[in-house]
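The residues making up each chain are set out below.
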Amino acid sequence: VILTITNSNYQWGNGTNVLRIPFTITEVVNSWSSTPTIPNWTYGKTPKIETITATYSPVTVQYKLKTQGDEHYTTTLPTNAGSYVAKYYASGSESYNELTEYVYFTIAKKDVIVPTLTNNTAIYTGSTIRAQIENPETDLYNLTENGWTNVGNYNVKLTLKDADNYKWENRNSEPVLLPFSIT
């Protein structure tokens, strides 16, 4: 910084009308308010995600499936089951550093209880006989291959309507076969 006295009746202590004061601007450290984290959660639930700030710049958060390329980042929080990565970013400048943090999290598939048959056997009548499901949640799965006439052993097939976001409790998302017989 250069300070100049323009009135000739005054001067600085160094005997001149010009005073040079050296100064340096040092970079400050930009930092997170807390370490970015995202807890795992189950499909259909509301995640508890903490708002993260940086000391000197606004923070943006972008998300993508872990298996996708960087061109798939979006600012929309995912809601479907899968493994994701969140990118927290705070820009830098000549005066402070930029920040980038990657956080991995999973949205788990929601469990569906495998229903049971009210009775797994029926007596031959000559008419079509259908197995009856106890407490059916038919908004979550389709009941197929149900209805037989002849004596024999059969399987009632249950298929999840949204296998991407639901799975059978203690199983995977593959169709479930419930044994049923006509004697």
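These lines cover the structure that appears in this document, whether it is placed above or below. (Residues numbered from 1 in each chain as written. Predicted model: local features only at pLDDT ≥ 70, side-chain atom pairs only at ≥ 80, totals over all residues. Heavy atoms only, no water.)

Observations concerning the packing of aromatic side chains
Stated precisely, the cut-off is as follows: Two rings from Phe, Tyr or Trp (for Trp, the six-membered ring) form a pair when their centres are within 6.5 Å of each other. A pair whose planes differ by under 30 degrees is stacked, one over 60 is edge-to-face, and the rest are tilted. The helix count covers DSSP runs of H or I at least four residues long, the strand count covers runs of E at least two residues long, and both are numbered beginning at the N terminus. For every residue, the accessible area obtained with a 1.4 Å probe (protein chains only) is divided by the maximum for its type, and the residue is called buried under 20%, exposed over 50%, and partly exposed between those limits. For a ring to carry a charge above it, either NZ of a lysine or CZ of an arginine must fall within 6 Å of the ring centroid while also lying within 35 degrees of the normal to the ring plane.
For the structure on display, the rule yields nine aromatic pairs. For the ring pair W32 and Y88, a centre distance of 6.3 Å and an interplane angle of 85° mean the geometry is edge-to-face. Here Y88 lies in strand β5 (residues 82-90) and W32 lies in the loop between β2 (18-20) and β3 (41-42), a separation of 56 residues in the sequence. Taken together, a centroid distance of 6.3 Å and an interplanar angle of 90° make the contact between Y63 and F105 edge-to-face. Here Y63, found in strand β4 (residues 59-65), pairs with F105, found in strand β6 (residues 99-108); they are 42 residues apart in sequence, far enough to count as distant. Assessed through its relative accessible area of 9%, Y63 is described here as buried. You can call F105 buried: its relative accessible area is 1%. The ring of Y89 carries the charged tip of K87 above its face, separated from the ring centre by 6.0 Å.

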